[in-house]
Amino acid sequence: MDDERIKKASQNLLKAALMSADELAAKKGENDLFVRIKRNSERLSSCEGHDFEPDPDWRTWKPNRTIHCRRCGGDMKMHDAMEYLRGFAHGSGRDFKAITETIWPPADPA
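Throughout, residues of each chain are indexed from 1 in the direction in which the sequence is written. Restriction of local features to residues with pLDDT of at least 70 applies here, the model being predicted, together with a cutoff of 80 or more for giving and counting side-chain atom pairs; totals for whole chains, interfaces and linings are based on all residues. By convention in this description, side-chain values take in all heavy atoms of the structure and omit both hydrogens and water.

## Re the overall build of the protein
Then, number 1: Within the protein, the secondary structure is distributed over 5 helices and 2 strands.
Then, number 2: Here the protein has a C-alpha radius of gyration of 18 Å; the compact-globule value for 110 residues is 13 Å, and the former is much larger.
Then, number 3: With respect to the principal axes defined by its C-alpha atoms, the protein has extents near 60 × 30 × 25 Å.
Then, number 4: Burial classes follow relative accessibility: with a 1.4 Å probe on protein chains only, a residue under 20% of its type's maximum area counts as buried, one over 50% as exposed, and anything between as partly exposed. Of all 110 residues assigned to the protein, the portion counted as buried reaches 25%.
Then, number 5: Any pair of residues with heavy atoms lying within 4.5 Å of one another is described as a contacting pair. For the protein, the share of sequence-separated contacts (at least 6 apart) that also reach a separation of at least 24 residues comes to 31%.
Then, number 6: Accessible area for the protein stands at about 8200 Å²; split by element, carbon and sulfur atoms hold 53% of it.
Then, number 7: Within the protein, the 19 negative side-chain charges are centred at a point lying 3 Å from the centre of the 19 positive side-chain charges. Segments assigned H or I by DSSP are reported as helices when at least four residues long, segments assigned E as strands when at least two residues long, and all are numbered from the N terminus. The quantity called the radius of gyration is restricted to C-alpha atoms. Its globule counterpart is 2.2 Å times the number of residues to the power 0.38. Only the protein chains shown count as cover for residues, and all accessible areas are computed by the Shrake-Rupley method using a 1.4 Å probe. Only four residue types enter the tally: Lys and Arg on the positive side, Asp and Glu on the negative side, with His and both chain ends excluded. Each charge is placed at NZ for Lys, CZ for Arg, CG for Asp and CD for Glu.

## So, the environment of Ile37
Then, number 1: With respect to the element layout, Ile37 can be found in helix H3 (residues 33-46).
Then, number 2: Since its relative accessible area comes to 46%, Ile37 is described here as partly exposed.
Then, number 3: Put simply, Ile37 and Phe88 are 51 residues apart on the chain and 24 Å apart in space, counted from C-alpha to C-alpha.

## Focus: the packing of helix H2 (residues 21-28) against H3
Then, number 1: Angles run from 0 to 180 degrees between N-to-C directions of axes, and those axes are lines fitted to C-alpha atoms, restricted for helices to the stretch in contact. H3 packs onto H2 with a crossing angle of 160 degrees between their chain directions and a minimal axis gap of 9 Å. Viewed along their axes, H2 and H3 adopt a mutual orientation that is roughly antiparallel. For the pair H2 and H3, the crossing hand works out as left-handed. Seen from H2, the contacting residues are Ala21, Asp22, Leu24, Ala25 and Lys28; seen from H3, they are Phe34, Val35, Lys38, Arg39 and Glu42.
Then, number 2: Looking at the contact of H2 with H3 residue by residue, the classes come out as 5 nonpolar, no polar and 5 charged. Our angle categories are set so that under 35 degrees counts as roughly parallel, over 145 as roughly antiparallel, 65 to 115 as roughly perpendicular, and the remainder as oblique. In this scheme, a crossing is called left-handed if the near helix is turned counterclockwise away from the far one by less than a right angle; it is called right-handed if the turn is clockwise. For this scheme, ten residues count as nonpolar: Ala, Val, Leu, Ile, Met, Phe, Trp, Tyr, Cys and Pro. Four count as charged, namely Asp, Glu, Lys and Arg, and the remainder, Gly too, count as polar.

See the structure below:
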């Protein structure tokens with residue numbers, strides 16, 4: 001790719017990044033990957049407090065595993081959800097381990 005094409009591509013990406021999900025969807029359609037990412041980000045950002053669905057199968061490896069918020073409908077990477085819950089526990093004075101075990105249950109004792 002020559003410098004001019006790289007410059008134009010980066011300008012178009014910046015324009016898309018500055019658009020709302022609705023503006024971008026009007027141009028690209030709802031199934032566009034960037035639109036779906038922006039919609040998810042908007043859901044997560046507007047959520048007043050995430051309520052993650054329990055994931056009893058969390059020990060089974062999946063690449064880029066996410067966890068779903070029942071409240072906003074957004075999906076968050078598992079690591080990011082852990083850090084969110086760590087901050088929530090710290091700020092609320094609740095037990096971090098107890099909070100996380102409702103989402104990621106411990107292994108059954110053998």
